[in-house]
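Examining the three-dimensional arrangement
Listed below, chain by chain, are the residues.
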Amino acid sequence: MINLDKNLLLKKYEEYSAGDFIIYITDSYLEAVGGSLTAENMGMLSNDQHSILCYRYILDEVMEGGFIQLIANGYAPYVLEGAFPYVVKKEWGMREFSKLLYDVKRQYYAHKDELLADMEEEEFMALYEQMEELNDFGDEFLDDFQEDVTPTVAKMVIENLEKYA
């Protein structure tokens, strides 16, 4: 587990928006493991820290290009194939958000080969029309979940610093 300065995190929580706070704490995780996750350094983070990092990747990728971008950029094994959707439901108590993640996961498995194929920019952009349901899930996250989930996650972190810091 990566240990962070709890007093500094409390200060940053007061100063930053919820999204910026999540970025701050996960940037601290990534810095502590050497810049990016690898098979060799994944064990340096606790399961709880991995969960916050999964949410960070959702924020970064889905806000930029939806779940299609998250998958195409290689984050699906970490975010969707791991325990994160289960954690969101059972530990975070966010059943509807978890349901969305499981819906995305089903679409990912149904179209995995297409989504992970090497492609030109034009082919990638065509995925948004070809996989309308998966594209809609990104819109659903942005419209129905992001504004509520992000502050809830930030508050959960600050209220349970022993698990996340």
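Everything discussed here concerns the structure shown above.
Predicted model only: the values in this text are computed from it and were never measured. Starting afresh in each chain, residues are numbered from 1 along the sequence in its written order. A pLDDT threshold of at least 70 governs which residues receive local features in this predicted model, and a stricter bar of 80 or more applies before side-chain atom pairs are shown or counted, although totals over entire chains, interfaces and linings include all residues. Side-chain descriptors were evaluated using all non-hydrogen atoms of the structure, hydrogens and water having been removed beforehand.

**Some words on the packing of aromatic side chains**
- Each aromatic pair joins two rings of Phe, Tyr and Trp (for Trp, the six-membered one) with centres within 6.5 Å, and gets the label stacked for planes under 30 degrees apart, edge-to-face for over 60, and tilted for any other angle. For the structure shown, the criterion picks out 13 aromatic pairs.
- Where Phe-67 meets Phe-141, the ring centres are 6.3 Å apart and the plane angle is 75°; that geometry is what we call edge-to-face. With Phe-67 in helix H3 (residues 47-72) and Phe-141 in helix H9 (residues 132-159), this residue pair connects regions lying 74 residues apart in the sequence. Here Phe-67 matches Phe-141 in class, with each residue buried.
- Three or more aromatic residues joined by ring pairs form one cluster here, namely Tyr-55, Phe-67, Phe-84, Trp-92, Phe-97, Phe-141 and Phe-145. Going along the chain from the N terminus, every DSSP run of H or I of four or more residues is numbered as a helix, and every run of E of two or more is numbered as a strand. Relative accessibility under 20% of the residue-type maximum defines a buried residue, over 50% an exposed one, and the middle range a partly exposed one, all with a 1.4 Å probe and only protein chains included.

**What about helix H2 (residues 18-32)?**
- Expected helix span is computed as 1.5 Å times (number of residues minus one). Between its terminal C-alpha atoms H2 stretches 21 Å, which fits the 21 Å expected from 15 residues at 1.5 Å a residue.
- Of all the residues in H2, the buried ones are Gly-19, Phe-21, Ile-22, Ile-25, Thr-26, Ser-28, Tyr-29 and Leu-30.

**Observations regarding the pattern of salt bridges**
- Here, a salt bridge means any Lys or Arg side-chain nitrogen found within 4 Å of an Asp or Glu carboxyl oxygen. Across all of its chains, the model carries eight salt bridges by this definition.
- The partner of Glu-15 in a salt bridge is Lys-12, with the nearest N and O atoms 3.9 Å apart. Note that Glu-15 and Lys-12 are positioned in helix H1 (residues 6-15) at a spacing of three residues, about one turn of the helix.
- By relative accessible area, Glu-15 is classed as partly exposed at 46%.
- Between Lys-112 and Glu-81 there is a salt bridge; the shortest N-O distance is 3.4 Å. Placement of the pair is Lys-112 in helix H7 (residues 112-116) and Glu-81 in the loop between helix H4 (76-79) and helix H5 (84-90), with a sequence separation of 31 residues.
- Residue class for Lys-112 comes out partly exposed when judged on its relative accessible area of 29%.
- Residue Glu-81 is classed as partly exposed on the basis of its relative accessible area of 32%.
- One salt-bridge network, held together by shared partners, links Lys-11, Lys-12 and Glu-15.

**A closer look at the packing of H3 against helix H6 (residues 95-110)**
- Running from N to C, H3 and H6 cross one another at 40°; their axes reach a closest spacing of 13 Å. For the element pair H3 / H6, the angle class is oblique. Viewed along their axes, H3 and H6 form a crossing whose handedness is left-handed. On H6, the residues that touch Tyr-55, Ile-58, Phe-67 and Ile-71 of H3 are Phe-97, Leu-100, Leu-101, Val-104 and Tyr-108. Under this scheme, a helix contributes an axis fitted over its contacting stretch, all axes are lines through C-alpha atoms, and angles between N-to-C directions fall in the 0 to 180 degree range. Convention used here: angles under 35 degrees read as roughly parallel, angles over 145 as roughly antiparallel, angles from 65 to 115 as roughly perpendicular, and any remaining angle as oblique. Less than a right angle of anticlockwise turn of the near helix away from the far helix marks a crossing as left-handed, whereas a clockwise turn marks it as right-handed. Two residues qualify as a contact provided that any one of their heavy atoms is within 4.5 Å of a heavy atom in the partner residue.

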